[in-house]
Amino acid sequence: MLSRKSKLFLTKIFSFFSVVRGYNIWVIVLAQYLSAIFILAPERRALDILFDWNLFLIVFASSLTIASGYIINNFYDAKKDLINRPRKAMIDRLVSQSTKLKVYFAVNFFIVTLVSFISWKAVLFFSSYIFLIWYYSHKLKKYPMIGNLTAAVLAILPFFGILMYYKNFYHVIFAHATFLFLLILIRELIKDLENIEGDLVNEYKTIPVLFNEKTAKTIISILTIATLIPVYFLIDIYDVGYMDIYFYFSLLLLLYFFIQLWKSKQKSDFLKLHFLLKFIIVAGVFCIILIDPSVLLHGQKLLSQHYNYFATAFI
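Each value, and the rule that gives it
- Residues numbered from 1 in each chain as written.
- Predicted model: local features only at pLDDT ≥ 70, side-chain atom pairs only at ≥ 80, totals over all residues.
- Heavy atoms only, no water.
- Helix = DSSP H or I, 4+ residues; strand = E, 2+ residues; numbered from the N terminus.
- Expected span 1.5 Å × (residues − 1).
- Buried < 20%, exposed > 50% of the residue type's maximum accessible area, 1.4 Å probe, protein only.
- Arc of directions from axis to C-beta.
- Contact = heavy atoms within 4.5 Å.
- Polar contact = N/O pair within 3.5 Å; in protein donor to acceptor, adjacent residues only side chain to side chain.
- Core = buried A, V, L, I, M, F, W, Y, C linked by side-chain atoms within 4.5 Å.
- Axes fitted to C-alpha atoms, helices over the stretch in contact; angles between N-to-C directions.
- Parallel < 35°, antiparallel > 145°, perpendicular 65-115°, else oblique.
- Left-handed = near helix turned anticlockwise from the far one by under 90°.
- Nonpolar A, V, L, I, M, F, W, Y, C, P; charged D, E, K, R; others polar.
- Salt bridge = Lys/Arg side-chain N within 4 Å of Asp/Glu carboxyl O.

**Some thoughts on the environment of V153**
Here V153 is to be found in helix α9 (residues 146-166). Along the sequence, V153 and F181 sit 28 residues apart, while their C-alpha atoms lie 7.1 Å from each other.

**Focus: helix α13 (residues 213-226)**
Residues spaced three or four apart along an α-helix face the same direction, because each turn holds 3.6 residues. A rise of 1.5 Å per residue sets the reference length of α13, with its 14 residues, at 20 Å; its end C-alpha atoms lie 20 Å apart and thus fit the reference within 8%. By the burial criterion, the buried members of α13 are A216, K217, I220, S221, L223 and T224. What you see down the axis of α13 is that its buried residues fit within an arc of 165 degrees, all on one side. Across from the buried face of α13, at angles greater than 90 degrees, the exposed residues are K214 and I222. The secondary structure elements touched by the buried residues of α13 are α10 (171-194), α12 (207-210), α14 (228-237), α15 (244-261) and α16 (267-287). One side-chain oxygen at the N-terminal end of α13 lies 3.2 Å from the backbone nitrogen of K214; it belongs to N212.

**A few points about the nonpolar core**
General note: in soluble globular proteins, nonpolar side chains tend to be found buried as a group. Counting 84 residues, the largest nonpolar core has I190, Y246 and F247 as the members making the most contacts within it. In terms of residues, this core owes the most to one element, α10, which gives 13 residues. With near-sequence residues (within four places) excluded, F247 lies in contact with H176, F179, V231, L234, I235 and V240.

**Describing the environment of I219**
Structurally, the position occupied by I219 is in helix α13. Once the C-alpha coordinates of I219 and L189 are considered, the two residues, 30 residues apart in sequence, prove to be 8.6 Å apart.

**Topic: the packing of α10 against α15**
The contact between α10 and α15 brings their axes to 14 Å, and the two run at 25 degrees. When the interaxial angle is binned, α10 and α15 end up roughly parallel. Handedness of the crossing formed by α10 with α15: left-handed. Here α10 contributes H176, F179, L183, I186 and I190 to the contact with α15, which in turn contributes Y246, F247, S250, L254, F257 and L261. Tallied by class, residues from the contact of α10 with α15 come to 9 nonpolar, 2 polar and no charged.

**Let's talk about helix α8 (residues 120-138)**
Taking 1.5 Å as the rise per residue, α8 with 19 residues should run 27 Å; its terminal C-alpha atoms sit 27 Å apart, in good agreement. Taken together, the buried positions of α8 are A122, F126, Y129, I130, I133, Y136 and S137. For α8, the buried positions fall inside an angular range of 130 degrees around the axis, keeping them on one side. Of the residues in α8, the exposed ones pointing more than 90 degrees away from the buried face are W120, K121 and L124.

**Brief notes about the pattern of salt bridges**
Where charged atoms from two side chains of opposite charge come close, those side chains can pair. Per the counting criterion, the structure on display carries 3 salt bridges. With a closest N to O distance of 3.3 Å, R45 and D48 form a salt bridge. With relative accessibility at 42%, the residue D48 sits in the partly exposed group. Notably, a salt bridge pairs E213 with K217, separated by 3.3 Å at the nearest N-O pair. One end of the pair is E213 and the other is K217, both in helix α13 and 4 residues apart, which spans about a single turn. K217 gets classed as buried once you look at its relative accessible area, which sits at 5%.

Set out below in structure tokens:
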């Protein structure tokens, strides 16, 4: 049987996992590696990318930066979350505000130290990234549209870091980035509709609070229609392999989203739309493989050959 101290410690670990949203971090890591292999550096061997030490440091630092961003965001949103997400807020409060701040500063110091082994440019990039996340959580997220745009930019910055590392500025990359940016921006606006009660109490000047629900829905509708532009380029102009199946499927889901948006009135309705958008984004991560499935088959053969080689050497 676990002692009371052990149970308390495990409970706090679980609470901190909730604060940093650990369930999101692994998806971001997977997205970064798959993007590097299939989109950002397609001319390189997949195994070379997987065993690239500098890339590992960039991905690891990005994950820690995002985690620290969740911590500081949770710190500033503690009161608002008690209204918008009472169950999650009660779990998160098992870790004190002072502990969150101490871990936040410690993690950020570690990130800067870690990326100093890559280059001074990496230090500058991650220092700026950390500052922007803090400034967004402290100030920008309280303002209409500026906060939403900043949140969307911050979400795609880790991929920009890898793009700068490989320095491959293909047009298709920006088409993918635009589609992802629009989806994240739409999701941020849906979250404003979902969290309107907490935003009102805490004086967050979001679009639904300053104007009305109809205005927010109109902006979301325009952005949803705008996703047709990058999808057109990705399907008809650029070669994305079998991933065009994903984009066709996404358009059907976005059509359904568009219809349901104007029917939604309650928080539960907006929550469903939020999860639908999250599903499209996460599905997109796994569907990156469809760009060139042969890469996986080739990689599997290489790994099998290496395994057989080492197994024979040790026998």
